[in-house]
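So the chains spell out like this:
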Amino acid sequence: MPHDPHPPEATAPIALVWFRDDLRLDDQPALRAAIDGGYVPLPVYVHAPDEEGSWAPGAASNAWRHRSLAALDRQLRERGSRLRVFAGPSLSILQALVAFSGAQAVFWTRRYAPAIEQRDTMIKRTLRRQGLRAESFNGALLFEPWDLATQQGDPYRVFTPFWKAAVQAWRTPRPWDAPVRIAAPDDGHAIPDGLPLEALRLAPARPWDAGFWQRFTPGGQGARAALDAFLDEAIEGYATARDVPARRATSRLSPHLHFGEISVQRVVDRLRARSDAPPGDVAHYLRELGWREFAHHLLHHFPHTPDSNLNPRFQDFDWAPADEARLDAWRHGRTGVPIVDAGMRELYATGWMHNRVRMIVASYLCKHLRMHWRHGARWFWDTLVDADLANNTQGWQWTAGTGADAAPYFRMFNPVTQARSFDPDGRYIARWLPELAGIPLPLRFAPWTDPRTLAALAPDYPRQPLVDLAAGREAALAAYRACASS
Ligand SMILES: Cc1cc2nc3c(=O)[nH]c(=O)nc-3n(C[C@H](O)[C@H](O)[C@H](O)COP(=O)(O)OP(=O)(O)OC[C@H]3O[C@@H](n4cnc5c(N)ncnc54)[C@H](O)[C@@H]3O)c2cc1C
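- Per an unreviewed UniProt entry, the protein chain carries the name Deoxyribodipyrimidine photo-lyase and comes from Montanilutibacter psychrotolerans.

### A few points about the packing of helix H12 (residues 324-331) against helix H15 (residues 373-383)
Item 1. The contact between H12 and H15 brings their axes to 11 Å, and the two run at 45°. When the interaxial angle is binned, H12 and H15 end up oblique. Here the hand of the crossing between H12 and H15 comes out right-handed. In contact with Leu327, Trp330 and Arg331 of H12, H15 contributes His375, Gly376, Trp379 and Phe380.
Item 2. Each residue belonging to the contact of H12 with H15 can be placed in one class, and the counts come to four nonpolar, two polar and one charged.

### So, the UniProt feature "site: Electron transfer via tryptophanyl radical" (unreviewed entry) in the protein chain
Item 1. UniProt feature "site: Electron transfer via tryptophanyl radical" (unreviewed entry): in the numbering of this structure it lies at Trp319, Trp373 and Trp396.
Item 2. In this structure, Trp319 sits in the loop between helix H11 (279-301) and H12.
Item 3. Note on Trp319: relative accessible area 13%, which makes it buried.
Item 4. With near-sequence residues (within four places) excluded, Trp319 lies in contact with Cys366, Arg370, Met371, His372, Trp373, Ala400 and Thr402.
Item 5. One can find Trp373 in helix H15.
Item 6. Given a relative accessible area of 0%, Trp373 falls into the buried group.
Item 7. Residue contacts for Trp373: discarding those within four places in its chain leaves Thr305, Pro306, Asp307, Ser308, Asn309, Trp319, Cys366, Trp396, Gln397, Ala400 and Thr402.
Item 8. Polar contacts involving the side chain of Trp373 include one to the side chain of Asn309, which spans 2.9 Å.

Cut-off values and rules
- Residues numbered from 1 in each chain as written.
- Predicted model: local features only at pLDDT ≥ 70, side-chain atom pairs only at ≥ 80, totals over all residues.
- Heavy atoms only, no water.
- Axes fitted to C-alpha atoms, helices over the stretch in contact; angles between N-to-C directions.
- Helix = DSSP H or I, 4+ residues; strand = E, 2+ residues; numbered from the N terminus.
- Parallel < 35°, antiparallel > 145°, perpendicular 65-115°, else oblique.
- Left-handed = near helix turned anticlockwise from the far one by under 90°.
- Contact = heavy atoms within 4.5 Å.
- Nonpolar A, V, L, I, M, F, W, Y, C, P; charged D, E, K, R; others polar.
- UniProt positions renumbered as here; feature names shortened; annotations may be inferred.
- Buried < 20%, exposed > 50% of the residue type's maximum accessible area, 1.4 Å probe, protein only.
- Polar contact = N/O pair within 3.5 Å; in protein donor to acceptor, adjacent residues only side chain to side chain.

Encoded structure:
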């Protein structure tokens, strides 16, 4: 049912609704707290990238946020309100807005990046000391990271028991639809208008992101359309097809979930309402959402992990020295290993990469090239539209073997075998490396094995892979053995 609140009295007090990574109007606990509390909501966004510690959002993420904020403002205006955008220190801006508007409360939904958790705690304490009602809510997760603990009271480090406990504890709140009208402060309040969105310079000056928007539409509407398409076309068979990168077999909801354009509760609710969907596929999808929960659990309890190994055994691991030429070849899809290069080019062109391929390119970087996972995590951070400190950290540490419940270091993805298994007709490779489309199968998976055909049919593609795969594997294993026995 659409929520249509009784319009607050003209004299109703104001509450700032501080939007962050929760850019939606439905299932929005901060907005709801304002409306249910009888306040007039004053929606604000504060741009403060230097408060994110060493993980200020990357370029692709900024490009997405620009569009998502514009979409949120449109939605608010359709309902009689608007978004005010500011840039600068969050606390000072919130305090100034409180002073101008006479607001009595500030509401927001929680984020879990370590620098932000610290900042928000400080802001809440300061605002409360000033006599304001300052409250934060869970708007991003099924479970707060502190809701689940092992029998010993410790954080989980292994996914399966975490997820077992989660499924037992599960209570999803009822969906809350976006209000039909949202009251706005009357003109009597001298509230600053804020900046035009363009002033934040989030959108790239040169339109290198054009390819992103052929695939994605930021904002709540785009999120719901992506979910509808997934439920109509891909939930059936998800458990197996999700590993095939040439197919559109996953939900592609990751950026929408990261920016909070749709709540995870609503995704779960819609999924469960599909009684025709095969239970195995539904369970598998929920489990993937569970990995997202687990990643946030880990980030909260182990806040050092975006920058250093969770598993201390790897503290002295013999990573190869950073080699810019090699790193650059990896970043730009010029390693000579087609499935790796295809993935990296998909990432650059669309801001997104299929999960199976993320694992392959990450494994290749950390194991065959023996580069520290941080180099890869940083590149993903800058280029992914779904760049998320919890999920990215977990993805990289898991693949590198340094994280929680990680693939053991010695278990290495062979990129050629992976390509044969998950891109058996070579369609994914041909799509992102059109120069290899004319190379017959199975040569397309390892073209260096026939240099003459490669030179004749794809003269611009690297003749040799950056490292011999067998030699790279052996060197990685030797480094691992040395570290394991030290
Ligand atoms: C090296 C590496 C880096 C990664 N970096 C990120 C990142 O920065 N942001 C990000 O959202 N995901 C990241 N992932 C996880 C995963 O690849 C993406 O979430 C997934 O590909 C998104 O596509 P989808 O929405 O179609 O997924 P679906 O298969 O439709 O899954 C549904 C949702 O579940 C969540 N999910 C799925 N798989 C995972 C996973 N392994 N870990 C955590 N959550 C998951 C996502 O929110 C996803 O949208 C990374 C994985 C690896 C291996």
